[in-house]
Amino acid sequence: MLSNTTAPAEELQDKLAALEQLLLAYGRVAIGFSGGVDSSFLAAVCARIMPASTLLVHLTTPLIGTPEQASFERSVDGQANEEPHFKLPVLNLSVDQLQLSQVACNDANRCYHCKHAGFTAIVNHAKSLGFLTVIDGSNASDRGDYRPGMRAAEELGVRSPLMEVGFTKDEERELLRAWGYPVWNLPAGACLATRVPTGEELTREKVDLIRACEDYLHDIDLAQVRARLIGGCMHIEAAPADVAKIAALGGGTVDAEGKAPLPAAIESALRELGCGHISPEVTPNLTFNFTGATKRSAPACFTSPYRTRNPLARICSTWTALTDLPIRNRLILASFIWGNIARQSPL
């Protein structure tokens, strides 16, 4: 179900016409294509108006989540008895950002360096094939968020037509659904590096464990989950509806804060995957509302026990988490967060 944040039908059609005009003005375009809603919407529009002038460029990386990678593969390869979603040429590049020390150290600039490496590969390959304009799926819903990757894209000349025209994610979903693309209701994904607090090193072992845990949780029919590895302890976050599912699986209940005990069967499965320490409860993550809700939960490093004793890691994680919130919430949370850190242990 979509929210009421989409524009009226006539206004939405006008916005679509403006987007089409802008894309045509670019000439030959290469889309940084993840398989998520935003880049899929761009691909759908380009497939309708300029298929001969569009290239999809996908990065296969250890940091992309399994649902997003699967969506990409379905979008370009189709499924049994099903036409491919986009009849557009595809360039699939393999990039391992974990090999970059600026990414692996996971400091406050990690996202910038990661996106810079990815977009550099996309831009260079696209230009070598004659696609001089590279576009990404940043949209109007991203305004006001702290997104260092957008700075990297801007520095490399990547355009963001959805943001320029003012398309929101809800509007993209509405049109994708109307056009018959199954990706319209794909839950929002995020780079797997976001599951590890700023200041804690990113390693392939950590990322592989996080992926395995989230894949298992999806396999038991949970739609929107995050497996966050904080100070060596695995914390599970889920959309409120999935927290209720988890509670039912264990015969428990959801408490007043929206939390639920982690069932023994799930805890056992996570241990078999390699988790040594596991938080005994599942916490709600209110960012998992793809219908346009603006309420957001506190960052995981504060809603769960934060065990790192590294003062610099605490400071970096605090700052990064604050800047990931809407501006209006930062001052309110700042005093609360620093107060909690001070009570847990002196800096």
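So, here is what we can say about the structure in this document. On a predicted model such as this, the values are computed, not experimentally measured, just so you know.

## Brief notes about the packing of aromatic side chains
Given two aromatic rings, their pairing is described by the distance between the two centres and the angle made by the two planes.
For step 1, the next point in the chain: Overall, the coordinates contain 5 aromatic pairs when judged by the stated rule.
For step 2, the next point in the chain: Note on Phe 86 and Tyr 181: the rings are 5.1 Å apart at their centroids and 25 degrees apart in plane angle, and the pair reads as stacked. Of the two residues, Phe 86 is situated in the loop between helix H3 (66–77) and strand S3 (90–94) and Tyr 181 in the loop between helix H8 (169–179) and helix H9 (204–219); the sequence distance between them amounts to 95 residues.
For step 3, the next point in the chain: Through successive ring pairs, a cluster of aromatic residues spans Phe 33, Phe 72, Phe 86 and Tyr 181.
For step 4, the next point in the chain: Just above the ring of Phe 131 sits the side chain of Arg 28; from NZ or CZ to the centre is 4.0 Å.

## Structural notes on unusual backbone geometry
For step 1, the next point in the chain: Phi is positive for Asn 106, which is not a glycine, with a value near 60 degrees.
For step 2, the next point in the chain: With respect to the element layout, Asn 106 can be found in the loop between helix H4 (101–104) and helix H5 (110–128).
For step 3, the next point in the chain: In the Ramachandran plot, Asp 221 falls in the positive-phi region, its phi being about 75 degrees despite a non-glycine side chain.
For step 4, the next point in the chain: Note on placement: Asp 221 falls in the loop between H9 and strand S5 (225–230).

## Brief notes about the pattern of salt bridges
For step 1, the next point in the chain: The tally for this structure, following the rule as stated, stands at 11 salt bridges.
For step 2, the next point in the chain: Lys 169 is paired through a salt bridge with Asp 38; the nearest N and O atoms lie 2.8 Å apart. Taken together, the residues Lys 169 in helix H8 and Asp 38 in helix H2 (residues 37–49) connect sequence positions 131 residues apart.
For step 3, the next point in the chain: According to the relative accessible area criterion, Lys 169 is partly exposed, its value standing at 22%.
For step 4, the next point in the chain: A relative accessible area of 16% places Asp 38 in the buried class.
For step 5, the next point in the chain: Beyond isolated ion pairs, a larger network of salt bridges with shared partners links Glu 257, Lys 259 and Glu 281.

## Here's the deal with the sheet that holds S5
For step 1, the next point in the chain: Across the sheet, which stays open at both edges, the 4 strands sit in the order S5-S6-S8-S7 with mixed pairing between neighbours. Of all strands in the sheet, those with a lone pairing partner are S5 and strand S7 (260–261), marking the two edges.
For step 2, the next point in the chain: Where strand S6 (residues 233–238) and strand S8 (residues 277–284) come together, 5 bridges link them in parallel fashion. Counterpart to Glu 237 in the pairing with S8 is Thr 283.
For step 3, the next point in the chain: Along the sheet, H9 makes contact with S5 and S6, crossing S5 at roughly 150 degrees.

## A closer look at the pairing of S5
For step 1, the next point in the chain: The buried fraction of S5 amounts to 6 of the 6 residues, a majority that puts the element mostly inside the structure.
For step 2, the next point in the chain: Both faces of S5 are covered, namely the face carrying Val 225, Ala 227 and Leu 229 and the face carrying Arg 226, Arg 228 and Ile 230.
For step 3, the next point in the chain: The sheet contact formed by S5 and S6 spans 6 bridges and is antiparallel. Within the sheet, the bridge partner assigned to Ala 227 lies in S6 and is Ile 236.

## What about the sheet that holds S3?
For step 1, the next point in the chain: One open sheet holds the 4 strands; their spatial order is S3-S2-S1-S4, and the pairing between them is parallel. Two strands lie at the open edges of the sheet, namely S3 and strand S4 (133–135), each paired on one side alone. Adjacent strand axes in the sheet meet at a mean angle of 25 degrees when their direction is disregarded.

## Things to note about helix H6 (residues 148–155)
For step 1, the next point in the chain: Burial in H6 covers these residues: Pro 148, Gly 149, Met 150, Ala 152 and Ala 153.
For step 2, the next point in the chain: If you follow the buried residues of H6, they end up packed against H5 and helix H7 (161–165).
For step 3, the next point in the chain: Of the residues flanking the end of H6, it is Gly 157, one or two places downstream, whose phi is positive at about 80 degrees.

Cut-offs and rules
- Residues numbered from 1 in each chain as written.
- Predicted model: local features only at pLDDT ≥ 70, side-chain atom pairs only at ≥ 80, totals over all residues.
- Heavy atoms only, no water.
- Phe/Tyr/Trp six-rings, centres within 6.5 Å; stacked < 30°, edge-to-face > 60°.
- Helix = DSSP H or I, 4+ residues; strand = E, 2+ residues; numbered from the N terminus.
- Lys NZ or Arg CZ within 6 Å of the ring centre and 35° of its normal.
- Salt bridge = Lys/Arg side-chain N within 4 Å of Asp/Glu carboxyl O.
- Buried < 20%, exposed > 50% of the residue type's maximum accessible area, 1.4 Å probe, protein only.
- Pairing = 2+ DSSP bridges.
- Contact = heavy atoms within 4.5 Å.
- Axes fitted to C-alpha atoms, helices over the stretch in contact; angles between N-to-C directions.

Nothing here speaks to function; it is geometry throughout.
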